[in-house]
Structure formats: C-alpha cells, structure tokens
Amino acid sequence: MPYDKPFSPAPQNPAPGRPGIGLAVCLAVAAMVSVQTGVSLAVPVIHEYGALSTSSLRLCWAALALLLFVRPPLHRYGAAQWRAALVLGAGMAVMSLAFFLAIERLPQHLTVALEFCGPLAVAALGARGWRALAWPLLAAAGIGLLVRGDAHAAGGADPVGIAFALLAAAGWGVYIVMMKKIGPAFPGLQGLAVSLAVAALLSLPFAAAEAGTIRFPWEQLAFTAGLAVLVPLVPYILEITALRRMPAATFGVLMSLEPAVGATAGWIFLGQGMGAGQMLGTGLVVAASVGVVRAAR
C-alpha cells in the first residue's frame, strides 16, 4: 500500500511529549550511520566495476523500490512541484556520482570531510549573529585538520579526487535546501520518490558510458541492490523526515558528525586509520554538532 498520508508540518517549538528536535537528531544520526556503512561496503564494488555504474545502479534500485511503494500520481503534479523535484533529483545525481568518483581516489574520512563543505555552507548562510557562526567555524577548523593530515600522510591528496569531493559538496548543499522544500510541496514520500527517479534517470547515461553497455553484470546488479537499501533509500527517508522537524541550517551543522561516522566506518570496514591531528579534527566537528543541537533546543 502506498504511503500517502499528507504532510503536516511540525511546529517550530513542539509541545512537551510531542516528537521534535530530539527525534529529528536521532533520525539524522541513523541516516549518517546507514550512509557511511553503505559507502564502506561499496568501495570494493567500485574498484571492481566502476564508480559511475555502481552509484547509478544504487540510485536506480532505490528509485524503483520507492516508486513501487509510493506509486506517486505523476499526472496530478503542477509545474512548481516538477521544478522542485527536478532540481532535487539533479542535486542527488551530482552528489552521488561525484562522491563515488572521489572515494575511488581518496580515503573515506577525507572524502566525507570535503563533501561536508556543502552542509557547512548551508549552515553558515542560515546562521544569525556571530555566536551562531561559531559552530560552523569550529566544524570548518576540524575539516581543515582532517584534510591537512591526509595530505601529509599520503604525500599529497589526489587533486582530482578533491575536485570530485567538492562537486559532491555542492550537490549535498542543493540536496539539503531542496529536501526542506520538497516536504511541504508533496504529500508523504511522493516528492522523494519522484526526485529519486529523476536522479536515477540522469545518472544512467554516465553509467552506460563508463561500462560501454547497458547490460551490467548480474553480480554488480545484486551487490548494488543490497547497497541501495543502506544508501540512498533508508537515509533519504530518514533525512526528509528529520528535515520536517528542524531548520535546514541546524541540519547542515548537525551533519558535521558525518566525517566522524565516515572515519569510524572506514576504520572498521576498510582498515583506514587516522593520525592525532585527524582525530582532533574529528573531535572538533563532533563538538560543533553537539553545540548546534543544544542551540536548537
């Protein structure tokens, strides 16, 4: 049965007993854990079959599952709804393809730290007053330590990988802003389903160009079907729910936990360690996340 319950915006200051910022934080953290676990598990598949095809097939599986579940009435949407879905879908496609191209060349924690420049920009632009800017600045300092440590440890980070990570950051920034707008524009998960389908369609030509064919190996199809659950399907649902309960700027700084989660996943699944400076950088971005959550309360 499709999820078609109309969206009812949560109040800015939820009454005691009602789900509010605390639940939104839990949903956002769960989304980050799912994303970074899926990314770590995808790295061997990327090296075996290619970054573009692996990323695109994940989007396709996730879009298919969500379309079958939600069954959005495409013929009923207006021009404004389609514009929002197209922009969000393009942001999703850029974010996913560029991130996988980056992680093919860089360690996971460095890729995630660079990609976090997108949410950081959203948070900085949405901040009010100098005190509010302290948290994005603290997160930026932590990211700087992470980038500096990897550059020294590896004798210089891959510039192409850095460029792709920053492109993914731009896509992530668009994603956060548009996910906030998609919620009120569509009932239930319809906007997410349509946007994810747009992202999948936009990514397919890149996947076909990389593979030289549209007939992908069945092993890759099986691997990406499983990965699609961890990322992007489950995280997108969790994040759109979280964004309905917190400001986009708050969500943007909260996502500074992502480098720490990415570093942990990279260490557990890929054996990618960090030096003292990188650990300090991770601590700074975690501190920024705690600060922004307390400020939101």
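Refer to the structure above for everything that follows.
Residues numbered from 1 in each chain as written. Predicted model: local features only at pLDDT ≥ 70, side-chain atom pairs only at ≥ 80, totals over all residues. Heavy atoms only, no water.

Student: Quick one: what's the story with the pattern of salt bridges, residue by residue and with numbers?
Tutor: Considering all chains together, one arrives at one salt bridge under this definition. Arg-105 is paired through a salt bridge with Glu-104; the nearest N and O atoms lie 3.5 Å apart. Judged by relative accessible area, which is 28%, Glu-104 ranks as partly exposed. (Salt bridge = Lys/Arg side-chain N within 4 Å of Asp/Glu carboxyl O. Buried < 20%, exposed > 50% of the residue type's maximum accessible area, 1.4 Å probe, protein only.)

Student: An account of the packing of aromatic side chains is needed here, citing residue identities and associated values.
Tutor: If you walk through the whole model with that rule in mind, you get five aromatic pairs. Taken together, a centroid distance of 4.9 Å and an interplanar angle of 80 degrees make the contact between Tyr-77 and Phe-186 edge-to-face. Placement of Tyr-77 in the loop between α2 (51-70) and α3 (79-103) and of Phe-186 in the loop between α7 (159-185) and α8 (190-211) is noted, with a sequence separation of 109 residues between them. As far as the burial class goes, Tyr-77 and Phe-186 line up, both buried. Judged by centre distance (6.5 Å) and plane angle (70 degrees), the rings of Phe-116 and Trp-172 are edge-to-face. Here Trp-172 lies in helix α7 and Phe-116 lies in the loop between α4 (108-115) and α5 (117-126), a separation of 56 residues in the sequence. Across the pair, Trp-172 and Phe-116 agree in class, each one buried. An aromatic cluster is defined as three or more aromatic residues linked by ring pairs; in this entry it consists of Tyr-77, Trp-82 and Phe-186. (Phe/Tyr/Trp six-rings, centres within 6.5 Å; stacked < 30°, edge-to-face > 60°. Helix = DSSP H or I, 4+ residues; strand = E, 2+ residues; numbered from the N terminus.)

Student: Give a description of a nonpolar patch on the surface that names residues and reports values.
Tutor: A grouping of Leu-41, Trp-267, Ile-268 and Phe-269 is seen on the molecular surface, where their side chains present a nonpolar patch of about 440 Å² in accessible area. By the secondary structure assignment, Ile-268 is in helix α11 (residues 257-270). (Patch = residues over 30% accessible without salt bridge, like charges linked within 9 Å, V, L, I, M, F, W, Y side chains within 5 Å. Areas by Shrake-Rupley, 256 points an atom, 1.4 Å probe, with all protein chains shown as cover.)

Student: Could you give an account of unusual backbone geometry, naming the residues involved and the relevant values?
Tutor: Backbone torsion omega between Val-231 and Pro-232 reads 20 degrees, so that peptide bond is classified as cis. Examined against the element boundaries, Pro-232 turns out to sit in helix α9 (residues 218-243). At Arg-71, a residue that is not glycine, the phi angle is positive and equals roughly 50 degrees. Looking at the element boundaries, Arg-71 is found in the loop between α2 and α3.

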